[in-house]
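# Summary of structural features
Chain by chain, the residues run as shown.
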Amino acid sequence: MVIAPEHASVETLTTVDQKSDVDAYVAAAASKSDRDRQDEKTKKTGVFTGSYATNPVNGKPVPIWIADYVLATYGTGAIMAVPAHDTRDFEFAKQFGIEVIPVVSPPKDHDIDLNRLAAGEVCFVGRGTAMNSGQYDGIATDEFKSKITISLSEQGVGSEAVNYKLRDWLFSRQRFWGEPFPILHELDEEGNKTGLLKAVDAADLPVDLPEIEDFKPHGRPEPPLEKADDGWLYPVIDGKKYQRETNTMPQWAGSCWYYLRFIDPKNDQVFIDSELEKQWMPVDLYIGGAEHAVLHLLYARFWHKVLFDRGHLQTAEPFNRLVNQGMILGDVEFTGYQTEDGSWVSVDQITEDEDRNPVSPSGESLTSVKVEPDDVEKDGENFVLKSDASIRIDSRAYKMSKSRGNVVNPDDIVSNYGADSLRLYEMFMGPLEQSKPWSMNGVSGVRNFLDRVWRMVIDKDQEQPVLHSAVVDIDPTDEQTRTLHKTIKAVSQDIGSLSFNTAIARMMEFTNFFTRQDHRPKSIMESFVLLLSPFAPHIAEELWLTLGHENSLAYEAWPKFDEALTVDSTVEIPVQIMGKIKSKIVVARGMSKDDLLATAKADPKIMALLEGKTIRKEIAVPDRLVNIVAN
RNA sequence: GGGGAUGUGGCGGAAUUGGCAGACGCGCUAGAUUUAGGAUCUAGUGUCCUUACGGACGUGCAGGUUCAAUUCCUGUCAUCCCCA
C-alpha cells in the first residue's frame, strides 16, 4: 500500500524506528509541485512507515509505504499498489525491493515474456485473466473487478465508489475586486472573533463591495477589504456585533454562471427567471479559447449541475455545443544562431545546456538572431541561409508576447486597414479551431478584396459614392443567376459549419466573376451585399445605402437560394486510363454509366490510347469520373 | 507524466460519401497603364525532364487495401497547445 505524504494517517502509521525518515520525507515532498511529483521521468521516491495492513481477501500482511507520486487531493490519497500491472507501482516496487506478484495473465496472442512476468521482471498493463488470485483464477479482468467489489462489500470491508476528478478548490482571494463572501464572523465584547459564523440574511443579498478610496493591496496578509468603513465592516444585527468576511471570490465566481445572469440581468428577486431560462437555455454555441476546454468548462458545468441538483435550474447541461477557437500567433519568424565571433551555427547542430540556452557542438554559447525573409531560402525540407546553404534556419510562428515584440495591436490594424478588414482577415486566416500565424500581407489581401467589392458596385472616379455604371436594373443572365445562387448556398452552409474562411473564398470568387461582367444586375448586387454584411458590416451598410435603400440592411432577411439554380446543366468529367487522367469530356448532368462510358470511349484521345489494348475493367461514376483499366 | 490537436506549393490554407490534389488569398514572374511611386488591370506560377507535344514524380515517413487514397487500415517520426 502507498499513501500520500499528506495523508491524515501518516503519523499514526509511522513506527518509532521510522519516524525520523518519514518526517524528512514528508518535509521534502511538501516543497514539490503536484506535476513534479507525477512526472514519470524522475525517479520514484518513498519511505516505509514500518506498519502493515492486512489484505482483506487473503489475510496477508501488506507493507504500508509513503510516496509522493500518490496525491492526497486525488481520491482517498491512498492506493493499493499492483506492481506487476501498473508502470508507476512497478517502478516503485523495483526501486525499493518490494515483491512483484503477477495477478493478471495476458491474453494468448500477447508478445510479453511470460517467464519474466512470473519472475516479476516486467510489467503488464493490459487486460487478461486473473492468476495467483485463489478462487478468482481464470476470470477475465473486468469480471474480476466487479466480483471482488461485490464480495468485499458483502463482507462489509469495502464498497464501490465513484471518483470525481475534481480536486479541492481554493476559492478565496486577498484582493479588492471580487464578490464579497456573504459570511459574518461573530465578535465578542472585546471585538475578537468568537469562531461562530453566520450567513448574511437572504433579504440582504447580494453583498456589494464598499466604496473605499484605497483598494490596493497593502503588503500585509489581511485582504484590502479590512480597510473598509466600520459601517460596512462591522454590521450589528439583533444587538450582536459581527465582522464581515474580507476575502473575496476569484473570477471563477462570475465566469461560472454569467451566461445565466446575462439572460435576466436586472432581476432583483432571483438570479434568473425560470420562464426566461426555459426560453433561452441551454446555450446553443459557446466559443472560447482552448484554455477553456478543460478549466472553465469543468467549473461552469460543475456550478450549473449544483444549481440544477438544488432545484434552481431546469436545464441539466449548460452548453449544447462548445468550440475552442485557435490562438493567433505572431508573424512567422526566421531565427539563426551565431557564436560570439559572429559565425553561424546550423540549427540541427544546436543543443541546449541546463538553463535551456542554445549551445554549439563545441560547447560555445550562442545568441539567436532574427533573419530577414529575403536572406533565407528553402532547401529541400529546410530553410537555409542564402549566403551559406549549409546553415539551417529555424522557421516558426511564436505566441504573441511583449518580450518577443511580435504583438499585433488591433487598434493599429483598424486605423491602417479598417475594422472590416481586421474582422474579415481573422475569419479568412483558416479554420476557427486551429492556431495560425498572423500575416500583415494577409490583411492587405482582404483589404484588397473589400476594395474590389467597392469598385464592383461603386464608381471609383466620383467624389461621392454613386453606383458604378455597370450596376443596372436589368434581368440577370442564367449564368449570373446561377453564380449568385451557388454563392448564397455555399456561404450559408459555411456559416453554419463555422467555416468562415471558405465562405469568404466563395465571395471572392463571386467578386472575381462579377467584376468581369459588363452588366451587374442591381438585385444580384443587393443579395451579395447582404451575404457580405455579417463579415464586413461597415462597408456592406455603406453599399446598401448607395444601392438606394433608406433603412439599415440589418432589417433585411438573409438571401435564399433555389437548389435547382445551384447546379449546372453540364459537367466536365475526367476520363482516366489505369487511374491516370488522359482526357476530359463535357456531358449532361446525370448521364447514365453506360452513356458515360460510350461517350468516353468515343473521345479521340481515349480511342487512340485504347488502340490494341484489352479492356479489363470499366468504372463510371455519374457526374464524377470514368476510369478504364486496360493493357 | 496526463489530456487535446496538427503535418498538403515559397507562405496561410481548400478538397460532403475514397473519385480531376493545390479552390481562395499572399508572395513571385512577365506585360499593360501611370510623370514617378503606391494602386489598378491582364497572363503565368507544385517539382523535375522536354524546344514543343508530352511524360515522370508529388499531401511528414514506411507499408497495406482498392480500378482509384490527402481521405480507410497498420506501424512510425515530428511539431504545437492545455494541465485547476
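Fair warning: this is a prediction, and the values are worked out from it, not measured in the lab. (Residues numbered from 1 in each chain as written. Chains lettered and ligands numbered in written order. Predicted model: local features only at pLDDT ≥ 70, side-chain atom pairs only at ≥ 80, totals over all residues. Heavy atoms only, no water.)

So, about the overall build of chain A. Summing up its helical and strand segments, chain A has 20 helices and 27 strands in all. Taken over the C-alpha trace, chain A has a radius of gyration of 36 Å; the compact-globule value for 631 residues is 25 Å, which it surpasses by more than 25%. For chain A, the spread of C-alpha atoms along the principal axes amounts to about 95 × 80 × 70 Å. Taken over 631 residues, chain A has a buried fraction of 35%. Considering only residue pairs separated by 6 or more positions, chain A has 58% of its internal contacts joining residues 24 or more positions apart. Total accessible area computed for chain A in this model is approximately 38400 Å², and 50% of it derives from carbon and sulfur atoms. Separation between the mean location of the 68 positive side-chain charges and that of the 99 negative ones in chain A comes to 6 Å. (Helix = DSSP H or I, 4+ residues; strand = E, 2+ residues; numbered from the N terminus. Rg over C-alpha atoms; globule rule 2.2 N^0.38 Å. Buried < 20%, exposed > 50% of the residue type's maximum accessible area, 1.4 Å probe, protein only. Contact = heavy atoms within 4.5 Å. Areas by Shrake-Rupley, 256 points an atom, 1.4 Å probe, with all protein chains shown as cover. Lys, Arg positive; Asp, Glu negative; His and termini not counted. Charge placed at Lys NZ, Arg CZ, Asp CG, Glu CD.)

What the rule picks out here adds up to 23 aromatic pairs. Centroid distance phenylalanine 171 to phenylalanine 181: 6.4 Å. Interplanar angle 75 degrees. Geometry classified as edge-to-face. Taken together, the positions of phenylalanine 171 in the loop between α6 (141-154) and β7 (183-187) and phenylalanine 181 in the loop between α6 and β7 put the pair ten residues apart, joining distant regions of the chain. For the pair phenylalanine 171 and phenylalanine 181, one class covers both residues: buried. Taken together, the aromatic side chains of Phe48, Tyr52, Trp65, Phe92 and Phe96 make up a single cluster linked through ring pairs. (Phe/Tyr/Trp six-rings, centres within 6.5 Å; stacked < 30°, edge-to-face > 60°.)

Another point: the layout of surface pockets. The calculated volume of the second largest pocket comes to roughly 1300 Å³. Lining the second largest pocket are 30 residues, and of these Leu205, Pro206, Met249, Trp257 and Phe271 sit closest to its centre. Broken down by secondary-structure element, the contributors of at least two residues to the lining of the second largest pocket are α8 (252-255), α9 (258-261) and α11 (295-309). In terms of residue count, α11 provides more of the lining of the second largest pocket than any other element does, four residues in total. Tallied by class, residues from the lining of the second largest pocket come to 20 nonpolar, five polar and five charged. For the lining of the second largest pocket, the domains that each give at least three residues are domain 2 (183-244) and domain 3 (252-325). (1 Å grid on protein atoms, 1.4 Å probe; cavity = no way out; pocket = protein on both sides within 12 Å on 5 of 7 lines; lining within 4 Å. Points joined across faces, edges and corners; volume = space filled by probe spheres on them. Nonpolar A, V, L, I, M, F, W, Y, C, P; charged D, E, K, R; others polar. Domains from an automatic or database assignment.)

What follows concerns the sheet that holds strand β27 (residues 625-630). Pairing is mixed in the open sheet, where four strands are placed in the order β25-β24-β27-β26. Since the sheet does not close on itself, it has two edges, and those belong to β25 (580-588) and β26 (615-621), each with one partner. The average undirected angle you get between the axes of adjacent strands in this sheet is 15 degrees. Bridge count between strand β24 (residues 570-577) and β25: eight bridges; the pairing is antiparallel. Looking across to β25, one finds that valine 571 is bridged to valine 587. (Pairing = 2+ DSSP bridges. Axes fitted to C-alpha atoms, helices over the stretch in contact; angles between N-to-C directions.)

On to the protein's contact with RNA strand B. Near RNA strand B there are 44 residues, and of these Asn448, Met508, Lys584, Arg624 and Asn627 occur at the shortest range. Interatomic distance of 3.2 Å between a side-chain N/O atom of glutamine 434 and a phosphate oxygen of RNA strand B. The separation between a base oxygen of RNA strand B and a polar side-chain atom of asparagine 627 is 2.6 Å. Broken down by element, the residue count for the surface near RNA strand B peaks at six residues, all from helix α16 (residues 500-514). (Near = heavy atom within 4 Å. Polar contact = N/O pair within 3.5 Å; in protein donor to acceptor, adjacent residues only side chain to side chain.)

Let us look at unusual backbone geometry. Residue proline 206 follows leucine 205 across a cis peptide bond; omega there is -5 degrees. Along the chain, proline 206 falls in the loop between β8 (193-199) and α7 (230-233). For the bond from methionine 281 to proline 282, the omega torsion is -5 degrees, close enough to zero to count as cis. Within the secondary structure, proline 282 is located in the loop between α10 (274-280) and β11 (286-289). Non-glycine residue asparagine 132 carries a positive phi angle of around 50 degrees. With respect to the helices and strands, the residue asparagine 132 is situated in the loop between β6 (129-130) and α6. For leucine 498, which is not glycine, the phi torsion reads 60 degrees and is therefore positive. For leucine 498, the position within the fold is in the loop between α15 (478-496) and α16.

To continue, consider the nonpolar core. Core analysis: the biggest nonpolar cluster contains 45 residues, and Phe449, Met507, Met525 and Phe535 have the highest contact counts within it. Of all elements in the fold, only α13 (419-428), α14 (440-457), α15, α16, α17 (522-532) and α18 (537-546) reach the threshold of two or more residues within this core. The residues contacting methionine 525, other than those within four sequence positions of it, are Met456, Val457, Val471, Phe510, Phe514, Arg520 and Leu547. If you look at the next biggest cluster of nonpolar residues, it comprises 16 residues, including Val10, Phe48, Trp65 and Phe92. (Core = buried A, V, L, I, M, F, W, Y, C linked by side-chain atoms within 4.5 Å.)

Turning our attention to the sheet that holds strand β3 (residues 61-66). Judged by pairing direction, the sheet is mixed, and its four strands sit side by side in the order β2-β3-β1-β4 without closing on themselves. Edge positions in the sheet fall to β2 (47-54) and β4 (78-79), since each has one partner strand and no second. One ladder, built from two bridges, connects strand β1 (residues 2-3) with β4; its direction is antiparallel. Within the sheet, the bridge partner assigned to isoleucine 3 lies in β4 and is alanine 78. Lying on the sheet, helix α2 (residues 19-30) is in contact with β2 and β3; it crosses β2 at an angle near 110 degrees.

Structurally, the position occupied by glycine 363 is in the loop between β16 (358-359) and β17 (367-371). In the structure, glycine 363 is positioned 92 residues away from phenylalanine 271 in sequence and 64 Å away in space, judged by C-alpha atoms.

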